Each structure stands twice: as C-alpha cells, then as structure tokens.
Amino acid sequence: QVQLVESGGGLVQAGGSLRLSCAASGRTFSDYAMGWFRQAPGKERIFVATITASGKTTYYADSVKGRFTISRDNAKNTVYLQMNSLKPEDTAVYYCASGLQATTSLSPYTFWGQGTQVTVSS
C-alpha cells in the first residue's frame, strides 16, 4: 500500500506560479513512476505530467509543456509539480498518483492522493 498526500495548492493570479508537492509513504517510493493529473469541475480527470521511477524521463501534456515541470526527490519520498505562467484554464483539483509505469493513461496508476485545489484567477 502507498499513501500519497498532496499539498501546495491555492489561489493565484494568471501568470503566477505554484509548486505542488506529493509526499509518499508505504512501499519503496523509488520503485514507482509518479504522475500528476487534474480534474476541472464537470470534466474528466486528465493527464498532466509523469516521471519515471529513476527520475530520468518525463512526459507532459501538450497544454502544460514548457510551463510545468515535474521532478522527484527519492530521498524525501516526494514528487513535485512546478507550475509557471498559470492560466485560468489550469484551474482544477490536482492529483498525484503512483504506478509501475510512467504512462499518460489513468488506469495503470494504482494509488492516488486526495487532491489539492488550484485556482487561477484572470
């Protein structure tokens, strides 16, 4: 079992930045790929970014490429999502998830956090 707790969400103006954190406990963090997903009101949960277990490879949704950066610190059992140049359309609940593969699909991720709200005002 893996427990994931997100933090760092909040209200920010368009053009601003936030850094989300996801702290993991339970099984060996460095064995798992980690992903960030988001869900806007009335919409499906969608892929944002993912990082391999080693941290060597990352993938991003086109909508966030060049603005968001995913990283991880295996010594601290934490994955981060640095979000810059935020837009109102980035408003959503952001979830972190762990799985055996760094994939853009939701289903391979086994464990999920409770989510953290990000609101970007125009």
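Above: the structure in question.
Rules and cut-offs
- Residues numbered from 1 in each chain as written.
- Predicted model: local features only at pLDDT ≥ 70, side-chain atom pairs only at ≥ 80, totals over all residues.
- Heavy atoms only, no water.
- Disulfide = S-S within 2.5 Å.
- Helix = DSSP H or I, 4+ residues; strand = E, 2+ residues; numbered from the N terminus.
- Buried < 20%, exposed > 50% of the residue type's maximum accessible area, 1.4 Å probe, protein only.
- Salt bridge = Lys/Arg side-chain N within 4 Å of Asp/Glu carboxyl O.
- Contact = heavy atoms within 4.5 Å.
- Pairing = 2+ DSSP bridges.
- Axes fitted to C-alpha atoms, helices over the stretch in contact; angles between N-to-C directions.

Peer 1: Go over the state of the cysteines with me, naming the residues and quoting the values.
Peer 2: Within this structure, the stated rule accounts for one disulfide. Put simply, cysteine 22 and cysteine 96 are joined by a disulfide, and their sulfur atoms are 1.9 Å apart. Around the S-S axis, the bridge from cysteine 22 to cysteine 96 shows a dihedral of about 50 degrees and counts as right-handed. A residue pair is termed long-range when its members are at least 10 positions apart, and cysteine 22 in strand β3 (residues 18-26) and cysteine 96 in strand β9 (residues 92-99) qualify at 74 residues. Its relative accessible area of 0% is what places cysteine 96 among the buried residues.

Peer 1: I'd love a proper account of the pattern of salt bridges, names of residues and values included.
Peer 2: The final tally for this structure, using the stated rule, is three salt bridges. Of the charged contacts, one joins aspartate 90 and arginine 38 as a salt bridge, the two residues approaching to 2.9 Å between their closest N and O atoms. Of the two residues, aspartate 90 is situated in the loop between β8 (78-83) and β9 and arginine 38 in strand β4 (residues 33-39); the sequence distance between them amounts to 52 residues. For the pair formed by aspartate 90 and arginine 38, the shared burial category is buried. Among the salt bridges present, the one from aspartate 62 reaches lysine 65, with a minimum N-O distance of 3.1 Å. Salt bridges here are not isolated pairs; linked through shared partners, they connect Arg38, Arg67 and Asp90.

Peer 1: I'd like to hear about the side chain of serine 98, residue by residue, with values.
Peer 2: In this structure, serine 98 sits in strand β9. Residue serine 98 is classed as buried on the basis of its relative accessible area, which comes to 1%. The residues touching serine 98, leaving out its near neighbours within four places in the chain, are Val2, Leu4, Tyr32, Ala33, Met34, Tyr109, Thr110 and Phe111.

Peer 1: Can you tell me about the sheet that holds strand β7 (residues 68-73), naming the residues and giving the values?
Peer 2: The strands making up a sheet associate through hydrogen bonds between their backbones, and the pairing can be parallel or antiparallel. On the basis of which strands lie adjacent, the open sheet formed by four strands has the order β1-β3-β8-β7 and antiparallel pairing. What marks the edges here is a single partner per strand, and that holds for β1 (2-7) and β7. Put simply, the sheet's adjacent strands are angled 15 degrees from each other on average, direction ignored.

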